[in-house]
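For reference, the chains in residue letters:
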Amino acid sequence: MRFGNANLFALCPPYHYICTMSIAKNTEALLASLPAGVTLVAVSKTHPAEAVIEAYGAGQRDFGENRPQEMAAKQAALFALPTPPDDIRWHQIGHLQTNKVRLIVPFVAMIHSVDSARLAAEISRRAVEAGRVIDVLLEIRIAREESKEGWVLDELLEWLDGGEWHSLTGVRFRGVMGVASFTDDESVVRAEFERLAAMYASLRERFFGVDFDTLSMGMSDDYHLALESGSNMVRIGSLIFGRRQ
Ligand SMILES: *Cc1c(COP(=O)(O)O)cnc(C)c1O
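Just so it is clear, the structure is predicted and the values come from calculations on it, not from any experiment. (Residues numbered from 1 in each chain as written. Predicted model: local features only at pLDDT ≥ 70, side-chain atom pairs only at ≥ 80, totals over all residues. Heavy atoms only, no water.)

Visitor: Which parts of the structure should I look at to understand the packing of aromatic side chains?
Guide: Both the distance between ring centres and the angle between the ring planes are used here to describe each pair of aromatic rings. Per the stated rule, a full pass over the model turns up ten aromatic pairs. Here the aromatic rings of Trp165 and Phe208 are separated by 4.8 Å at their centres, their planes lie at 55°, and the arrangement is tilted. Of this pair, Trp165 sits in the loop between helix H7 (153-162) and strand E6 (171-177) while Phe208 sits in helix H8 (residues 186-208), and the two are 43 residues apart along the sequence. One exposure class covers both Trp165 and Phe208, and it is buried. (Phe/Tyr/Trp six-rings, centres within 6.5 Å; stacked < 30°, edge-to-face > 60°. Helix = DSSP H or I, 4+ residues; strand = E, 2+ residues; numbered from the N terminus. Buried < 20%, exposed > 50% of the residue type's maximum accessible area, 1.4 Å probe, protein only.)

Visitor: Help me out: how do you make sense of H8 in this one?
Guide: One full turn of an α-helix is made of 3.6 residues, so residues set three or four places apart face in the same direction. Its 23 residues place the ends of H8 31 Å apart at the C-alpha level, agreeing with the 33 Å of an ideal helix rising 1.5 Å per residue. Of the residues making up H8, those classed as buried are Val188, Val189, Glu192, Phe193, Leu196, Ala197, Met199, Tyr200, Leu203, Phe207 and Phe208. On the buried face of H8, the contacting elements are strand E5 (134-139), H7, E6, strand E7 (214-216) and helix H9 (223-228). Within two residues after H8, Gly209 carries a phi angle of roughly 85°, on the positive side. (Expected span 1.5 Å × (residues − 1). Contact = heavy atoms within 4.5 Å.)

Visitor: It is not clear to me how the pairing of strand E2 (residues 62-65) should be interpreted in this structure. Could you clarify?
Guide: Regular strands have side chains that alternate between both faces of the sheet. Because side chains alternate across E2, one face comprises the buried residues Asp62 and Gly64, and the other comprises Phe63 and Glu65, equally buried. Here strand E1 (residues 39-43) pairs with E2 via two bridges, running parallel. Bridge pairing links Ala42 to Phe63 in E2. After leaving E1, the chain enters helix H3 (residues 49-57) and then returns to the sheet as E2, a path that is right-handed. Strand direction decides the pairing type here: E2 and strand E3 (residues 89-92), joined by four bridges, are parallel. In the strand pairing of E3, Phe63 is matched with Trp90. Where the polypeptide runs from E2 across helix H4 (residues 68-79) and back to E3, its parallel neighbour, the crossover connection is right-handed. (Pairing = 2+ DSSP bridges. Right-handed = clockwise from strand over helix to strand, strands pointing away.)

Visitor: Would you explain the site of the ligand in this entry?
Guide: The ligand sits among Val43, Lys45, Asn66, Ile93, Val179, Met219, Ser220, Arg235, Ile236, Gly237, Ser238 and Arg244. Taken by itself the ligand offers 390 Å² of open surface, and the protein chains cover 89% of this. Each residue belonging to the shell around the ligand can be placed in one class, and the counts come to five nonpolar, four polar and three charged. (Near = heavy atom within 4 Å. Areas by Shrake-Rupley, 256 points an atom, 1.4 Å probe, with all protein chains shown as cover. Nonpolar A, V, L, I, M, F, W, Y, C, P; charged D, E, K, R; others polar.)

Visitor: For this particular structure, what's the right way to read the packing of H3 against H4?
Guide: For any two helices packed against each other, the geometry comes down to the angle between their axes and how far apart the axes lie. One way to put it is that H3 packs onto H4 with a least axis distance of 9 Å and a crossing angle of 65°. Crossing of H3 over H4 shows right-handed handedness. Every residue of H4 that contacts H3 at Ala49, Val52 and Ile53 is listed here: Lys74, Ala77 and Leu78. Split by residue class, the contact of H3 with H4 holds five nonpolar, no polar and one charged. (Axes fitted to C-alpha atoms, helices over the stretch in contact; angles between N-to-C directions. Left-handed = near helix turned anticlockwise from the far one by under 90°.)

Visitor: Sorry if this is basic, but what is going on with the pattern of salt bridges here?
Guide: For side chains of opposite charge, pairing can occur when their charged atoms come near one another. For the structure shown, the criterion picks out 13 salt bridges. The residue Lys74 makes a salt bridge to Glu70 at a minimum N-O spacing of 2.8 Å. Note that Lys74 and Glu70 are positioned in helix H4 at a spacing of four residues, about one turn of the helix. What makes Glu70 buried here is its relative accessible area of 18%. Asp135 is the partner of Arg174 in a salt bridge, and the nearest nitrogen-oxygen pair spans 2.9 Å. Within this pair, whereas Arg174 is found in strand E6, its partner Asp135 is found in strand E5, the two being separated by 39 residues in sequence. Here Arg174 falls in the buried class, since its relative accessible area comes to 19%. Judged by its relative accessible area of 12%, Asp135 is buried. Each of Glu65, Arg67, Glu70 and Lys74 takes part in a single network of salt bridges with overlapping partners. (Salt bridge = Lys/Arg side-chain N within 4 Å of Asp/Glu carboxyl O.)

In structure tokens, the structure reads:
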């Protein structure tokens, strides 16, 4: 039996805050408004498994989490339902420590935050052990703030030129991810997205080819700008689930 709306809302206790249908409405509206070919990753971090269920009922299938522990717990909670949703694709979007990789390797669909050779190697090793090939994105530092996350382009190029990444048979390099500066200045954000889009195109041409097809950029406040710069995967939390605590 499919996991449809009928038994979905039966799981919601009356007057529970997330059972107002607003998550479903927000999801439907976003899905309808995005251009064809753009994947919506619903960022459910800090929100309970019930919130994921509500978005799922509205047709959402890709969900993003920052913390591997939280993703694994939500995945397990949903799996324990009488009719578990069996086609959710989980995306690790936040920084990933190598010692946490094992928590998500059995089920994660895509890891957006590959920002070091060591992390790529660990994901690949664990994936091979698990008999999987995991889709990954290279996170590139584009924001002007002193953020510690993401590759600096020169270091990424040096690593790719070295060629060892070819031996990482447990991962499939699918594209890049970036987070723009947190600022009201649209011209800054737009310039950062355009820079990431250019890097994506050049990495695809120089190293990876057609399988390298994912440009993950854009969040609730800046996804319109990201789409204008060619994003084909947006990661949206607040607009769907409301403000985080
Ligand atoms: C939290 C988060 C998002 C979603 O942020 P919203 O502003 O709630 O849409 C997207 N990407 C990353 C990497 C995040 O950490």
